[in-house]
Amino acid sequence: MAIKSAEEYVESVKNQDPKIHQGGKRIKDLFKNPTTKSVIDATAKMYELAMDPTFEATMTAQSHLIDEKINRSLHVNGSIADLRKRADMAQLTAQKVGTCNYRCVGCDAINTMASVTWEMDRDLSTDYNERFNEYLKYLQKNDLACSGAMTDAKGDRSKRPGGQEDPDVYVHVSEKRKDGIVVRGAKVNQSGAIAANETFVIPGQALREGEEEFAVAFAVPNGAKGITYICQYTPYTAERNMAEDIHELGNPVYGQRETALMVFDDVFVPWERVFMCGEVKYTRQLVARFAKIHRMNCGGACKVGFADLLIGATQLLVEYAGLSKVAHVREKITDMIAISETARACTLASAVEGTEEPEGSGVFLPDDMFGNVAKLNIANGFWEMMKIAGDLAGGLVVTMPSERELKNPETMEYMEKFFKTTVPAEKRLRITKFLQHWIAGQHGPGTWHGAGPVQAQRVMVARLANLEEKKDMAKELAGLNEDESDN
Ligand SMILES: Cc1cc2nc3c(=O)[nH]c(=O)nc-3n(C[C@H](O)[C@H](O)[C@H](O)COP(=O)(O)OP(=O)(O)OC[C@H]3O[C@@H](n4cnc5c(N)ncnc54)[C@H](O)[C@@H]3O)c2cc1C
C-alpha cells in the first residue's frame, strides 16, 4: 500500500467532496471540468512514474519511519544522495508533465517541518516531532498526495500581520481548545490543492513576539469543513473549457500550473495535526529552511525540466522550418542550453553541498547560496529562453489559426498549402501551439514568482556572500596598505 497506483489515487479523489469554485461557478465534478481534470491527471502521473521501473530509483525512497518503499514526495532527505535524487525528481516530473507535479510544495514543507519540529522538541521539550512523525507515517503508509500552503493573502504589505485591518489576510489561530485549534484566513496560489488528499500549512514569513497567533503549522484533509477553494481563471482556462478536442491545446493533457485561493473559515484542526502553535522564535528558521529546499527543487530543478521541453520544441520547429543548420540559429539554441545547464549545475551543487540541519536531526537540507543562485539564474534565464524561442518560432507563435481549420473542408486546403514546411501543416501547427503555451502564456511570471519573489533571493545572495573576504583578496594582490582605513 505504501506505493499507490495512479488508479488508486484517482479513486481516492472520487471519495473527496471539496467545495470548489471556478469562473463564477461551483464545480461539482472535478473529473468533468477540463481544468480540474488536468490537475488530477498530472498528479496521477506522479503515481504512475513511481511504479515505472525506469524511474523507480528517482521517484521512490526507503522510508526511515515505516521500513517500506515510499513515494519520494513523502520522503525526508537523510543524506546528500537523497537531496540529489530529490532534485532529479523535480526535473524528471517537470519533463513528464510540463506543469507542476502538485506534490512538490507539500514535500518541501514536510522536510522543513521534520527539521524544525525536531529542533523545537530539543529546545522546548515539546512533542511536535513525535506528532509530526506519526502524521508522516500516515501519509507514507497511504501514499497520500500532499500539497503545501505557505503564501498568505498578506493584505497591506507595509503592515505586519498583527497590524492588518483584517487579521484573516494571514492564516492564524482564532481559538485554542482542549482537543485542537480553530484556524482562519487564506493561502493564495495553492498548486494542486483541489485534487490533493492533504494540505500541509506553514507560516509564510518570520514572525516576532506578539505575533504568536500567526505562528501556526498544521495539516488538513482535502475539503475539511470550512475550507473553500477558488480556482485561478485565465485565458488558458477559458481555452481549455472551450476546446472541442484536447489536442488543440498547447499542453493537451496536463495544461497549465493550476492553483486556487484556499480559504480557511474557522477550520478545526485536532492537536495531533498541529506542528507549531505560537513558537514565533522558530519561524525564522522555518521560512529559511523551506526557502533553501524549495529553491533547489521548484526554483531550480523543475524549471530546468521545463527548459528541456522549451529547448526541444524550439529545435523541432527550426528543423521543421529548414533552418537548423543556419549559424545564428544554432548559436541561439546553444545559448538556451547554456542557461538551462547553468541552472542545473547550481541545483546539483546545492544538493551536493547540503548539510544536516540541525546537526543530529537526521534531516539534510541543500546549500543556501547555490539554491538561491539556481532560482535567480533560472528566473532571469527563463525570460531569455522565452525570448530566443519566440525569435526562432516567428510571428506564427502568436498569430496561428486554430487547428480546427485543418478539419474544416472550407479552409483545409489553404491551411495545408500555406502552413506546410519541410513537414505537413499539422505537425508545424502542433509544435507551434506547444511553444505558444510556454512563451506567450503564464510561464514567465509563474517561473519568476514560484519559490518566492526574486528580491528575496537577491537579499539572501547578498547576505551569504562574504564581500569582506573578496575585498581583502583584491587588496592583497593590488598591494593596498592593510593599515589604511578605507572601508
Ligand atoms: C505558478 C505558481 C504556483 C505557486 N504555488 C504555490 C503553492 O503551491 N503554495 C504556496 O504556498 N505558494 C505558491 N505560490 C506562491 C509563490 O510562492 C508566491 O507567488 C511568491 O512567493 C511571491 O509572493 P506573492 O505572489 O505574494 O507576491 P508579492 O509578495 O506580492 O510580491 C510582489 C512584489 O512585491 C514585492 N514586495 C512584496 N512585499 C514587499 C515588502 N514588504 N517590501 C518590499 N517589497 C515587497 C516583491 O519583492 C515583489 O517584487 C505559487 C506561485 C506561482 C506563480
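This section reports on the structure supplied with the text. In this convention, every chain numbers its residues from 1, walking through the sequence in written order. This being a predicted model, a pLDDT of at least 70 is required before a residue's local features are given, and a value of 80 or more before pairs of side-chain atoms are given or counted; all residues contribute to the totals for chains, interfaces and linings. Based on all heavy atoms of the structure, the side-chain values leave hydrogens and waters out of the count.

What follows covers the packing of aromatic side chains. Ring pairs are drawn from Phe, Tyr and Trp, using the six-membered ring of Trp, whenever the two centres fall within 6.5 Å, and their geometry is named by plane angle: stacked under 30 degrees, edge-to-face over 60, tilted for the rest. Per the counting criterion, the structure on display carries 12 aromatic pairs. Centroid distance Phe-200 to Phe-275: 5.4 Å. Interplanar angle 15 degrees. Geometry classified as stacked. Here Phe-200, found in strand 8 (residues 198–201), pairs with Phe-275, found in strand 12 (residues 274–277); they are 75 residues apart in sequence, far enough to count as distant. Classification of Phe-275 by relative accessible area gives buried; the value is 0%. On the numbers, 5.9 Å between centres and 85 degrees between planes, the contact of Phe-218 with Phe-264 is edge-to-face. Taken together, the positions of Phe-218 in strand 9 (residues 216–221) and Phe-264 in strand 11 (residues 260–270) put the pair 46 residues apart, joining distant regions of the chain. Side by side, Phe-218 and Phe-264 carry an identical accessibility label, which is buried. Secondary structure follows DSSP: runs of H or I at least 4 residues long count as helices, runs of E at least 2 residues long count as strands, and numbering of each begins at the N terminus. Only protein chains enter the calculation, and the probe is 1.4 Å; a residue is then buried if its accessible area is under 20% of its type maximum, exposed if over 50%, and partly exposed in between.

The next subject is the pairing of strand 10 (residues 227–231). Of all 5 residues making up strand 10, 4 are buried, and the element is well covered by its neighbours. Strand direction decides the pairing type here: strand 1 (residues 19–22) and strand 10, joined by 3 bridges, are parallel. In the strand pairing of strand 10, Lys-19 is matched with Thr-228. Here strand 10 runs beside strand 11; their pairing, made up of 5 bridges, is antiparallel. By the bridge assignment, Cys-231 is partnered in strand 11 with Ala-260. Two strands are said to pair when DSSP picks up at least two bridges between them.

The next point concerns the nonpolar core. We define the nonpolar core as a collection of buried residues of types Ala, Val, Leu, Ile, Met, Phe, Trp, Tyr and Cys that are connected through side-chain atoms lying within 4.5 Å of one another. Ile-110, Met-113, Phe-200, Ile-202, Phe-218, Phe-264 and Met-276 are the most contacted members of the largest nonpolar core, which totals 82 residues. Ranked by residues supplied to this core, first place goes to helix 2 (residues 34–51) with 8 residues. Among the domains, domain 1 (6–280) and domain 2 (286–473) are the pair contributing at least three residues each to this core. Counting 38 residues, the second-largest nonpolar core is a separate cluster that includes Leu-83, Cys-302, Ala-307 and Tyr-320. For the purposes of this description, domain bounds are those given by an automatic or database domain assignment.

For this purpose, a residue is taken to be near a molecule or strand whenever a single non-hydrogen atom of the residue falls within 4 Å of it. Neighbouring the ligand are 17 residues, the closest being Met-150, Thr-151, Lys-154, Arg-157 and Ser-191. Listed by contribution, the elements that provide at least two residues to the shell around the ligand are strand 5 (146–149) and helix 15 (443–449). Throughout, the ten residues Ala, Val, Leu, Ile, Met, Phe, Trp, Tyr, Cys and Pro are labelled nonpolar, Asp, Glu, Lys and Arg are labelled charged, and all others, Gly among them, are labelled polar. Of the residues in the shell around the ligand, the class split is 4 nonpolar, 10 polar and 3 charged. Two domains each put at least three residues into the shell around the ligand: domain 1 (6–280) and domain 2 (286–473).

These figures capture arrangement, not role.
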